[in-house]
Amino acid sequence: MLPKIVLVGNPNVGKSVLFSQLTGTRVVISNYPGTTVEFTSGRLKIGREVFELVDAPGTYSLEPTCRAEEVAASLVNTADIVVNVVDATNLERNLYLTSQLLEKKVPMVVVLNMIDEAAQKGIEISTSRLKKLLGVPVVSTVALSGEGLKKLVVTLPHAVVGGNEILSPDERWAWVGNVVGKVQQIIHRHQTWLEALELASLKPLTGIPLAAAVLFLSFKIIIGLGEMLHEGLEEYVFEPFYLPIVDFLSLRLGQEGFWHDLLIGTLVQGEIHLEESMGVLTTGVFVVFGIVLPFLVMFYLVLGFLEDCGYLPRLAVITDRMMHRLGLHGFAVIPMILGFGCNVPAVMAARNLESRRERFLACTLLSITVPCAAQMSMVFGLVGRYGGVYLAVIFATLFFIWITLGLLLDRILPGYTPSLIMEIPPYRWPHLKSQGQKLVMRLSHFLAEAVPFIFGGILLINLLYILGTTDFLAVFFAPVIKGLLGLPREAVSTLLVGFLRKDVAVAMLIPLDLSARQFVVGAIVLVTYFPCAATFVILTKELGLKGMAAAAAIMVLTSLSAGTFLNLFLDTVFSPGSLAILLIGLAIVFVTLGGGTSDRRENAAEIKLLAGKKSDF
Amino acid sequence: MRIVSLVEMKTGQAGIVKTINGGPGMVARLQALGLHPGKKVTKLNSIFPKGPVVVEAGRSRIALGYGRACRVFVEINQ
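Residues numbered from 1 in each chain as written. Chains lettered and ligands numbered in written order. Predicted model: local features only at pLDDT ≥ 70, side-chain atom pairs only at ≥ 80, totals over all residues. Heavy atoms only, no water.

> Quick rundown of the overall build of chain B? Include the residues and the values.
The number of helices and strands found in chain B is two helices and six strands. Secondary structure elements in chain B, listed N-terminal to C-terminal, are β-β-α-β-β-β-α-β. What you see for chain B is a C-alpha radius of gyration of 11 Å, in line with the 12 Å of a compact globule of 78 residues. Each of the three principal axes of chain B carries a C-alpha extent, and together these read 30 × 25 × 25 Å. Intrachain contacts of chain B at a sequence separation of at least 6 include 61% that bridge at least 24 residues. In the form shown here, chain B has an accessible surface area of approximately 2,900 Å², with 54% of it arising from carbon and sulfur atoms. (Helix = DSSP H or I, 4+ residues; strand = E, 2+ residues; numbered from the N terminus. Rg over C-alpha atoms; globule rule 2.2 N^0.38 Å. Contact = heavy atoms within 4.5 Å. Areas by Shrake-Rupley, 256 points an atom, 1.4 Å probe, with all protein chains shown as cover.)

> How would you explain helix H19 (residues 469–484) of chain A if you had to name every residue and give the values?
All names here are of chain A. Between its first and last C-alpha, H19 extends 22 Å over 16 residues, near the 22 Å set by a 1.5 Å rise per residue. Along its length, H19 shows its largest kink, about 70°, at Phe 477, and proline Pro 479 lies within four residues downstream of that point. Regarding H19, the residues found buried are Thr 470, Leu 473, Ala 474, Ala 478 and Ile 481. Residues of H19 that are buried make contact with helix H18 (432–467) and helix H20 (491–498). Just past H19, the residue Gly 486 takes up positive phi, approximately 70°. (Expected span 1.5 Å × (residues − 1). Bend = angle between axes of the 7 residues up to and from the residue. Buried < 20%, exposed > 50% of the residue type's maximum accessible area, 1.4 Å probe, protein only.)

> Pulling in residues and values, what's your account of the interface of chain A and chain B?
With 38 residues of chain A at the contact, the number on the chain B side is 38 residues. Here chain A packs against chain B, burying approximately 3,400 Å² in sum over the two surfaces, 58% of which is carbon and sulfur. Of all residues in chain A, Trp173(A), Arg321(A) and Ile421(A) bury the most surface against chain B, accounting for 20% of the area lost on that side. Two residues, Lys39(B) and Glu92(A), come together in a salt bridge whose shortest N-O distance is 2.6 Å. If you look at where chain A meets chain B, you find 13 residue pairs in polar contact (both at pLDDT 80 or more). Residues of the side of chain A that touches chain B, tallied by class, amount to 20 nonpolar, six polar and twelve charged. (Buried area = accessible area lost by both parts, 1.4 Å probe. Salt bridge = Lys/Arg side-chain N within 4 Å of Asp/Glu carboxyl O. Polar contact = N/O pair within 3.5 Å; in protein donor to acceptor, adjacent residues only side chain to side chain. Nonpolar A, V, L, I, M, F, W, Y, C, P; charged D, E, K, R; others polar.)

> Please give an account of the domain arrangement of chain A that cites residues and values.
One can read the domain layout of chain A as domain 1 (4–186) and domain 2 (204–253 + 262–271 + 280–418 + 428–603). Just the C-alpha atoms count here: the centres of domain 1 of chain A and domain 2 of chain A sit 39 Å apart. (Domains from an automatic or database assignment.)

> I'd like a rundown of the sheet that holds strand E3 (residues 49–55) of chain A, residues and numbers included.
All names here are of chain A. Spatially, E2-E3-E1-E4-E5-E7 is the arrangement adopted by the six strands of the open sheet, whose pairing is mixed. Both edges of this open sheet fall to strand E2 (40–46) and strand E7 (138–140), since each of them pairs with a single strand only. Direction aside, neighbouring strands of the sheet carry axes that sit 25° apart on average. As paired strands, E2 and E3 are joined by seven bridges and run antiparallel to one another. (Pairing = 2+ DSSP bridges. Axes fitted to C-alpha atoms, helices over the stretch in contact; angles between N-to-C directions.)

> Tell me what's going on with the environment of Tyr465(A), and back it up with residues and numbers.
With respect to the secondary-structure elements, Tyr465(A) resides in helix H18. Along the sequence, Tyr465(A) and Ala56(A) sit 409 residues apart, while their C-alpha atoms lie 48 Å from each other.

> Report on the packing of H19(A) against H20(A), specifying residues and quantitative values.
Residues and elements named next belong to chain A. Direction vectors running N to C along H19 and H20 enclose 100°, while the axes themselves pass 8 Å from each other. When the interaxial angle is binned, H19 and H20 end up roughly perpendicular. Residues Thr 470, Leu 473, Ala 474, Phe 477 and Ile 481 of H19 lie in contact with H20, whose contacting residues are Ala 491, Val 492, Ser 493, Leu 495 and Leu 496. Of the residues that constitute the contact of H19 with H20, the class distribution is eight nonpolar, two polar and no charged. (Parallel < 35°, antiparallel > 145°, perpendicular 65-115°, else oblique.)

> Which residues make up a nonpolar patch on the surface, and what values go with them?
Residues and elements named next belong to chain A. There is a patch of nonpolar side chains on the surface, built from Leu 249, Leu 253, Phe 258, Trp 259, Leu 463, Tyr 465 and Ile 466 and spanning about 690 Å² of accessible area. Among the elements of the structure, helix H10 (258–263) and H18 are those that each provide at least two residues to the nonpolar patch. The dominant element in the nonpolar patch, judged by the number of residues it contributes, is H18, at three residues. Summarising the element assignment, Ile 466 is placed in helix H18. (Patch = residues over 30% accessible without salt bridge, like charges linked within 9 Å, V, L, I, M, F, W, Y side chains within 5 Å.)

Encoded structure:
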């Protein structure tokens, strides 16, 4: 066992940056509380000794109030050395945790991070005085630029046990107040425009238009630039360079046979079609690199910016009121937004929600109604042939399901969701280098995760087709697929592949020659009926088998009803435009009239509490 | 001197936290974020009626949902 160094600190103080600077490992860095839920560990060599360095999830206290904090508190108990990372711009709040750590009697070093930002804000902290008062070494750093890190590394072996007695919370705050009074000086400065913007984004009159503008712009950038990149790649890379290679291969394989079907797929009118041929090297490669990747790059660029500048917690405040009506609160907006990239990290982020009820609600809603970027980019790519208004139908349907299902679940699930308590970080300028690192890391995660599943899915489908299993399933499920959803029987293979990867599954709709209505039904069913394999695994881990079974039942039911509804009404009774408006309108009416069960229950519990009865919240 | 909840405070008004009427979980969470009895807080704003309240305590900004903001009481000069 290597001696263990644990990085402990409040959320959003730069532990992850420090960790990646010290170990060279990439970790996700964001400007909002609660990015690290499970810890990351790496190795650090000092002189001749090797240490295990652990990046604990951010915590405000060693008396945990959520999962991430539990992990942090238990990590502290196994540490040989604790490195307490402290945000120099907010010394007071950070020292509360420090005082608890000092009580643990474990060798410790305090890192005063973001000392540059503190200086900008007119905060001066005397490290030598702080060192004397805490009784442990103090090193000031700027983790992003690497300033002070060398000094930290040489100080680590000199970590000592501090001398605090065990205090009550009130005594701790008194101690903190005393220390801060002795070491910190604040020079008054005028408000910067960034600080003015901070206030503006929290006020309804300016905050709501700002939120709308931010979301609209993000959407525009992702779709617009993603589309450009996708078309550019197709025109200048795939057609002139890649197509000749697969053409050559196809000829060598004799244009038919087992290997040809598997690798190249079937020819469309005697030619290879990158989207439709359904071979590993044609559709497989093109879906990943030609369609999904361009949109994913844009999505993660925009998301990375929003995360690092600190806007997302403000969005959580603005949307809190509406989310409350669905039995969630504003913080749940963050996993929802992450879900538009990939549902896996979104489910992981949902772990930071306080109660089991909230986690179940958020995870179920998100895996049913939030399509990931991979899936969405396929839908965007394909829906064009039918007209953009069908895209509106797809989004309106998902929004409608999100609202109604949320309202229903809030009513059915026992208990209530306690309301929001969240720290709001200051705005910061995103750091270019860490933005780049984050983007590269996320894309490589996608490739590592998606490529085997996409290729696997295409292989599976080709094998099942060759073995004749698809025909059997098609006949067996025909009443549902044909009868209720109005899709051709062959669509059964699409749903099968959807268990593995949604993007390829959407691509498989193309050769079926669907009408606009059928395509919309297919897309909605694929988005909602079941999570992809990767999400399924993480979701089961999160909800447990029983919870997952419940969620799965909800998914199948929702999906079938939505699909049947659209099959019956789209283009027959309602035009796509009016259907979209109708669904959005209905959702808004429902949420205004019907919501707030959780709020009422919280109120009742509060009255009980004030009457002196015990309650958990 | 008057005791009001965070919800009843006016935007821009400052006060000293007196009591937090909540279960141990809520008290511990606010405590750790720096919102504890004896602390001076300033209300920055509240979003919509019944929406969350944002307060500044020291250098931290904390958002509290309406239900919980109702249960934090502060003493104001008035």
